[in-house]
Amino acid sequence: MKFKTVIISLIILFLINSISYSSPEIDAESSVLIDVKSGRILYTLNPHKKLPMASTTKIMTALVALENGKLDEKIKVKKEFVGVEGSSIYIYEGEEISLKDLLYGLMLRSGNDAAMLIADNVAGDTDKFIELMNNKAKEIGALNTNFTNPHGLEDENHYTTAYDLGLITREALKNDDFKEIVSSKSWTADRDKNNYFYNKNKTLWQYEGGDGVKTGYTKRAGRCLVSSATRSGMQLVSIVLNDGNWFNDCYKLLDYGFDNYKPYFLYDEGQFIKNIKVEDGSKEYLPVVTNTSCILPLKEKEKENIKITIDLPEKITPPIKEGKVLGKISVYLNGKLIYASDLISKEEVKELNFFTKLKKSL
């Protein structure tokens, strides 16, 4: 009887481990799971396949608007933006509405009319705003993405990849206003009608730790979803493009991430690395520190295969400003680079004047 119990226990343990460590099977045409803090990719399925992304476009729309607009600015609605096709927050001609309310309408109710009004106001016209969107995509490395509008309605030249959408979302989540907007279940706008916005993203209710980000659907794009959740200090984002089982598949990806990876602290922001010799400076040595912290999602068995390298000059010549980039710290897993950040000067070092140099040499 005891022997049977042991066998059953081993079988159950094997099944649990198999479920936990095997990659999830999903219905998406393309997918990515990314850690927000480090940018490490934890799962991929056709990550670089160019596909339409429907209203997940609005992640970039919101990011560009937040970086270039003023939240409290009141915007007067033009007739041309009333009655835009698809999802709407029902703006009306002559209405004055703040950019903040428009952004909530954009991300919670997926208002295409809000997208057009935001673009026109922030950049002066829609074409200029689209240019800002494409420039931002290139800036953050989303090189297989092209925007032709701010809302995501169908256009054959409007596309992204799951990988690029991960980069865009990660960048957007660095913005505190963006994080607050997409994690809100509802919002009451300062307007006289149609002022209650209820978030279409069921992740906020259905998934433990769910805190974003955006749904999307058109006939051509299919169902697209960017879901975010935070647990134990680790925020993961799952992305599925053209997936009929969109929410469940995003949850599978998030489960896979949280079940198999844990956040491990490698170094802190401002952590001392070493002193560098200074030639002809106001100080003999300059302390070098990290410019950011490094917390990586790792499997338990991966920890022993982490290697950290430091790239710094043996000596430097002033003047050196505080915060100047002097080198790089790189983290490798099994010989593959998975994270890198700059090493910077902790202090300012001034160059010695001629007479001081002469005195020092004598």
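Fair warning: this is a prediction, and the values are worked out from it, not measured in the lab. (Residues numbered from 1 in each chain as written. Predicted model: local features only at pLDDT ≥ 70, side-chain atom pairs only at ≥ 80, totals over all residues. Heavy atoms only, no water.)

### Considerations on helix α6 (residues 162-172)
Here is step 1: Of all eleven residues making up α6, ten are buried, and the element is well covered by its neighbours.
Here is step 2: Turning to α6, its buried residues number three or more, namely Ala162, Asp164, Leu165, Gly166, Leu167, Ile168, Thr169, Arg170, Glu171 and Ala172. (Buried < 20%, exposed > 50% of the residue type's maximum accessible area, 1.4 Å probe, protein only. Helix = DSSP H or I, 4+ residues; strand = E, 2+ residues; numbered from the N terminus.)

### Focus: the domain arrangement of the chain
Here is step 1: When the domains of the chain are assigned, the result is domain 1 (28-259) and domain 2 (264-359).
Here is step 2: For domain 1 versus domain 2, the distance between C-alpha centres works out to 36 Å.
Here is step 3: Across the domain 1/domain 2 interface, buried area totals approximately 650 Å², and carbon plus sulfur atoms make up 56% of it.
Here is step 4: The largest contributions to the domain 1 side of the interface with domain 2 come from Lys37, Ser38 and Arg40, which together make up 77% of the buried area.
Here is step 5: Summed over the shared surface of domain 1 and domain 2, the number is one salt bridge.
Here is step 6: Salt-bridge contacts for Glu302 lead to Arg40; the nearest nitrogen and oxygen are separated by 3.0 Å. (Domains from an automatic or database assignment. Buried area = accessible area lost by both parts, 1.4 Å probe. Salt bridge = Lys/Arg side-chain N within 4 Å of Asp/Glu carboxyl O.)

### Let's talk about the sheet that holds strand β7 (residues 210-218)
Here is step 1: The strand order across the open sheet formed by five strands is β2-β1-β9-β8-β7, and the pairing between neighbours is antiparallel. Only two strands of the sheet have a single partner each, and these edge strands are β2 (41-45) and β7. Neighbour to neighbour, the strand axes of the sheet diverge by 5 degrees on average, direction disregarded.
Here is step 2: The sheet contact formed by strand β8 (residues 222-231) and strand β9 (residues 234-241) spans seven bridges and is antiparallel. Along β9, the bridge assignment pairs Ala229 with Leu236. (Pairing = 2+ DSSP bridges. Axes fitted to C-alpha atoms, helices over the stretch in contact; angles between N-to-C directions.)

### Comments concerning the UniProt feature "binding site: substrate" (unreviewed entry) in the chain
Here is step 1: According to UniProt, the positions carrying the feature "binding site: substrate" (unreviewed entry) are Lys214.
Here is step 2: Tracing the sequence through the fold places Lys214 in strand β7.
Here is step 3: One polar contact links Lys214 to Ser110, side chain to side chain, over a distance of 2.9 Å. (UniProt positions renumbered as here; feature names shortened; annotations may be inferred. Polar contact = N/O pair within 3.5 Å; in protein donor to acceptor, adjacent residues only side chain to side chain.)

### Describing the UniProt feature "active site" (unreviewed entry) in the chain
Here is step 1: With numbering matched to this structure, UniProt assigns "active site" (unreviewed entry) to Ser55, Lys58 and Ser110. Maximum C-alpha separation among the annotated residues is 7.8 Å over a sequence range of 56 residues, consistent with a single clustered spot.
Here is step 2: Inspection of the secondary structure assignment puts Ser55 in the loop between β2 and α2 (58-68).
Here is step 3: Residue Ser55 is classed as buried on the basis of its relative accessible area of 11%.
Here is step 4: If we ignore the near neighbours within four places in the chain, the residues touching Ser55 are Ser110, Asn112, His151, Lys214, Thr215, Gly216 and Tyr217.
Here is step 5: Mapped onto the secondary structure, Ser110 falls in the loop between α3 (99-108) and α4 (112-123).
Here is step 6: A polar atom in the side chain of Ser110 sits 3.1 Å from the side chain of Ser55. (Contact = heavy atoms within 4.5 Å.)

### Quick notes on the packing of aromatic side chains
Here is step 1: Here the structure, examined in full by the defined rule, presents seven aromatic pairs.
Here is step 2: Summarising the aromatic geometry, the rings of Tyr43 and Tyr256 are spaced 6.4 Å apart at their centres and angled 70 degrees between planes, so their arrangement reads as edge-to-face. Here Tyr43 is found in strand β2, whereas its partner Tyr256 is found in helix α9 (residues 246-260), with 213 residues between them in sequence.
Here is step 3: Taken together, Tyr207, Trp246, Phe247 and Tyr251 form an aromatic cluster joined through their ring pairs.
Here is step 4: A cation sits over an aromatic face here: Lys202 above Phe247, 4.7 Å from the ring centre. (Phe/Tyr/Trp six-rings, centres within 6.5 Å; stacked < 30°, edge-to-face > 60°. Lys NZ or Arg CZ within 6 Å of the ring centre and 35° of its normal.)

### A word on the packing of α4 against helix α5 (residues 126-139)
Here is step 1: Two numbers describe how α4 lies on α5: the axes approach to 7 Å, and their chain directions differ by 90 degrees. Our classification of the angle between α4 and α5 gives roughly perpendicular. Seen from α4, the contacting residues are Met116, Ile118, Ala119, Asp120, Val122 and Ala123; seen from α5, they are Thr126, Lys128, Phe129 and Leu132.
Here is step 2: Class assignment of the residues belonging to the contact of α4 with α5 gives a composition of seven nonpolar, one polar and two charged. (Parallel < 35°, antiparallel > 145°, perpendicular 65-115°, else oblique. Nonpolar A, V, L, I, M, F, W, Y, C, P; charged D, E, K, R; others polar.)

### Points about the sheet that holds strand β11 (residues 272-278)
Here is step 1: One open sheet accounts for six strands, arranged β14-β16-β17-β12-β11-β15; its pairing is mixed. Because the sheet does not close on itself, it has two edges, and the strands there are β14 (306-311) and β15 (315-316).
Here is step 2: Examined bridge by bridge, β14 and strand β16 (residues 325-333) share six bridges and lie antiparallel to one another. Residue pairing in the sheet places Lys307 in a bridge with Tyr332 of β16.

### Re the pairing of strand β13 (residues 294-298)
Here is step 1: With respect to burial, β13 is a largely interior element, four of its five residues being buried.
Here is step 2: As judged from the five bridges shared by strand β10 (residues 262-267) and β13, these two strands associate in the antiparallel manner. Note that in β13 the partner of Phe265 across the bridge is Ile295.

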